[in-house]
Amino acid sequence: MIIDGKELSARIKQELAAQVVSLKEKYGRVPSLVVILVGENPASQSYVRGKIKACAECGFDSTLITMPESVSEAELLAEIERLNGDEAVDGILVQLPLPKHIDEEKVIDAIALEKDVDGFHPLNVANLWLGKPCILPCTPKGVMRMIQECGFEVSGCNAVVVGRSNIVGKPMAKLLLDANATVTIAHSRTKNLAEVTSKADILIAAVGRPRMITAEMVKEGAIVIDVGVNRDAATGKLCGDVDFEAVKDKAAHITQVPGGVGPMTITMLMGNTIECFERKMNK
Ligand code: L34
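Chemist: What am I meant to see in the packing of aromatic side chains here?
Modeler: Taken as a whole and assessed by the stated rule, the structure comprises one aromatic pair. An angle of 85° between the planes, with centres 5.7 Å apart, marks the rings of Y27 and F277 as edge-to-face. Of this pair, Y27 sits in helix 1 (residues 5-27) while F277 sits in helix 10 (residues 261-281), and the two are 250 residues apart along the sequence. Here the two residues Y27 and F277 agree in accessibility, since each one is buried.

Here's what the structure looks like:
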C-alpha cells in the first residue's frame, strides 16, 4: 500500500486552514512566515515555491526574500537580525544548502529560537533530546505522521534509520525512540548494511543515494519511508533512496518520490509556523 504524501498533506492543510480562520478571529491576524532563498539552485527554488504556495493554501501571510549567490554572510545575518526584531514575523526559514562562503551553523544560530520554524536551532535540538517541548524538525515530524497513518504499532518494533544527518537521521531516530521503537542508526560505515536493514519493521532511508535500498535489504511486510530527494543522473528526474519498483511488492506500506515525504515536510512547516504564532500570542 502506498502512503500518499500529497493526499495526506492536502487533508492536513485543510485542517490547518480551518484553524487559521479561528486564529484570525481570536488574535486579529494570521501567522506569517518569511522564507529566505540564497542563490538560484533549481531544486531549492522548487521547494521554496512549494512552501510559499502552502502558506497561501493555509491562509498565512508569507514573504519570499531572494538574495544573490554572492550575498555576504554579514548581509544575510543582518537581514535575519532585522526579521528577528519584526513583530509581524512569526517564522523565519533560511533554505539550505547555502553557498560555501556562508557558514550555515552561524546562520541557523542567528534565527531567534521563537521563530525557528525548522527546529534547527541548537536550543530546539537540545530540548528535543531532553524530551522538553520544542519545535520538531519538519521532515522527521512528517515521517512520523505517515507512519501513524499505517495504523502500525510502533512500540516495541525494530526501526532502522539509514543516514545520520542533523536534519533528518538523528532527529528521526529520537522521534522513533520516543514512540518506543528499538532504534538502529545505520550509515556509510555500517558493516553488513543489508543484514541490519532486513531486520527493520520500519525502515527509513535518508542517505541521498539513488535507489540504494534494494529489495534484498527489506523485510517482507515492512514499512518503508523514502526521505531521499535525488536527481537521476540519466533522466534528470527526481528519485528517492529506495528502488521503489523492486521494493513495493515486499513492503506492506511504502512512500514514493515525488509525492511522499517532500510534501509532508512542507505541511509540517505550516504546522510549526502556527505553533510559533500561538506561542507568541499567548506570551
Ligand atoms: N531550511 N532547508 C531548510 N528547511 C528544510 O525543511 C529543507 N528541506 C530540505 C532541503 N533544505 C531545507 C526541504 O524543504 C528538503 N526539503 C524539501 C521540501 C519539499 C520537497 C522536497 C524537499 C518537495 O516538495 N518535493 C516534491 C517534489 C518537488 C519537485 O519536483 O521539485 C515531492 O513530491 O517530493
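The discussion continues.
Chemist: I tried to follow the nonpolar core on my own but got confused; where do I start?
Modeler: Soluble, globular proteins show a tendency: their nonpolar side chains are buried together. Core analysis: the largest hydrophobic core is formed by 52 residues, its most contacted members being V143, I147, L176, I202, I204, I225 and M270. The biggest single contributor to this core is helix 10, with nine residues. Filtering out sequence-adjacent residues up to four positions away, I225 remains in contact with I3, V143, M146, I147, L203, I204, A205, T255 and V261. If you look at the next biggest cluster of nonpolar residues, it comprises 19 residues, including I65, V71, L76 and I102.

Chemist: Just to check I follow, could you spell out the pattern of salt bridges for this structure?
Modeler: Side chains carrying opposite charge are able to pair once their charged atoms draw close together. Tallied over the entire structure, the rule returns 15 salt bridges. As a salt-bridge pair, D201 and K219 come within 2.7 Å of each other at their nearest N and O atoms. Residue D201 is found in the loop between helix 8 (193-197) and strand 6 (202-205), and its partner K219 is found in the loop between strand 6 and strand 7 (223-226); the two are separated by 18 residues along the sequence. Its relative accessible area of 33% is what places K219 among the partly exposed residues. Counted as one network, the salt bridges with shared partners bring together E7, R11, R145 and E149.

Chemist: Looking at this structure, how should I read the packing of helix 6 (residues 138-149) against helix 7 (residues 169-178)?
Modeler: Packed helices, taken two at a time, are described by the angle their axes make and the gap between the axes. Contact geometry for helix 6 and helix 7: axes closest at 9 Å, N-to-C directions at 40°. Compared by their axis directions, helix 6 and helix 7 come out oblique. In the crossing of helix 6 with helix 7, the sense of the turn from one axis to the other is right-handed. On helix 7, the residues that touch P140, K141, V143, M144 and I147 of helix 6 are P171, M172, L175 and L176. Taken together, the residues that form the contact of helix 6 with helix 7 break down as eight nonpolar, no polar and one charged.

Chemist: Would you mind showing me how to read the pairing of strand 4 (residues 158-162) here?
Modeler: The two faces of a sheet get side chains in turn, since along a regular strand they alternate between them. Burial runs high along strand 4: four of the five residues are buried. Alignment of strand 4 against strand 5 (residues 182-186), held across five bridges, turns out to be parallel. Looking at the pairing, A159 lines up with V183 of strand 5. Where strand 4 and strand 6 come together, four bridges link them in parallel fashion. Each residue of the ladder has a partner; that of V160, found in strand 6, is L203.

Chemist: When you look at the sheet that holds strand 10 (residues 253-254) in this model, what are you seeing that I'm missing?
Modeler: Within the open sheet, the five strands sit side by side as 5-4-6-7-10. Their pairing is parallel. The open sheet terminates on both sides in strands that have one partner only, identified here as strand 5 and strand 10. The pairing of strand 6 with strand 7 spans four bridges and is classified as parallel. Each bridged residue has a counterpart across the sheet, and for L203 the counterpart in strand 7 is V224. Contacts between helix 7 and the sheet are confined to strand 4, strand 5 and strand 6, with strand 4 contributing the most and set at about 170° to the helix.

Chemist: Got a minute to help me understand the site of the ligand in this structure?
Modeler: Taken together, 18 residues lie around the ligand, and S46, K51, V94, D118 and G259 are the ones closest in. Within the side chain of Q95, an N or O atom sits 3.2 Å from a nitrogen atom of the ligand. Here D118 contributes a side-chain N or O atom positioned 2.7 Å from a nitrogen atom of the ligand. Computed on the free molecule, the ligand has an accessible area of 680 Å², of which 80% lies beneath the protein chains in the complex. At the level of elements, helix 2 (42-58), strand 3 (91-94) and helix 10 are the ones that each hand at least two residues to the shell around the ligand. Tallying contributions element by element places helix 10 first for the shell around the ligand, with four residues. Its residues placed into classes, the shell around the ligand shows ten nonpolar, five polar and three charged.

Conventions used here
- Residues numbered from 1 in each chain as written.
- Predicted model: local features only at pLDDT ≥ 70, side-chain atom pairs only at ≥ 80, totals over all residues.
- Heavy atoms only, no water.
- Phe/Tyr/Trp six-rings, centres within 6.5 Å; stacked < 30°, edge-to-face > 60°.
- Helix = DSSP H or I, 4+ residues; strand = E, 2+ residues; numbered from the N terminus.
- Buried < 20%, exposed > 50% of the residue type's maximum accessible area, 1.4 Å probe, protein only.
- Core = buried A, V, L, I, M, F, W, Y, C linked by side-chain atoms within 4.5 Å.
- Contact = heavy atoms within 4.5 Å.
- Salt bridge = Lys/Arg side-chain N within 4 Å of Asp/Glu carboxyl O.
- Axes fitted to C-alpha atoms, helices over the stretch in contact; angles between N-to-C directions.
- Parallel < 35°, antiparallel > 145°, perpendicular 65-115°, else oblique.
- Left-handed = near helix turned anticlockwise from the far one by under 90°.
- Nonpolar A, V, L, I, M, F, W, Y, C, P; charged D, E, K, R; others polar.
- Pairing = 2+ DSSP bridges.
- Near = heavy atom within 4 Å.
- Polar contact = N/O pair within 3.5 Å; in protein donor to acceptor, adjacent residues only side chain to side chain.
- Areas by Shrake-Rupley, 256 points an atom, 1.4 Å probe, with all protein chains shown as cover.

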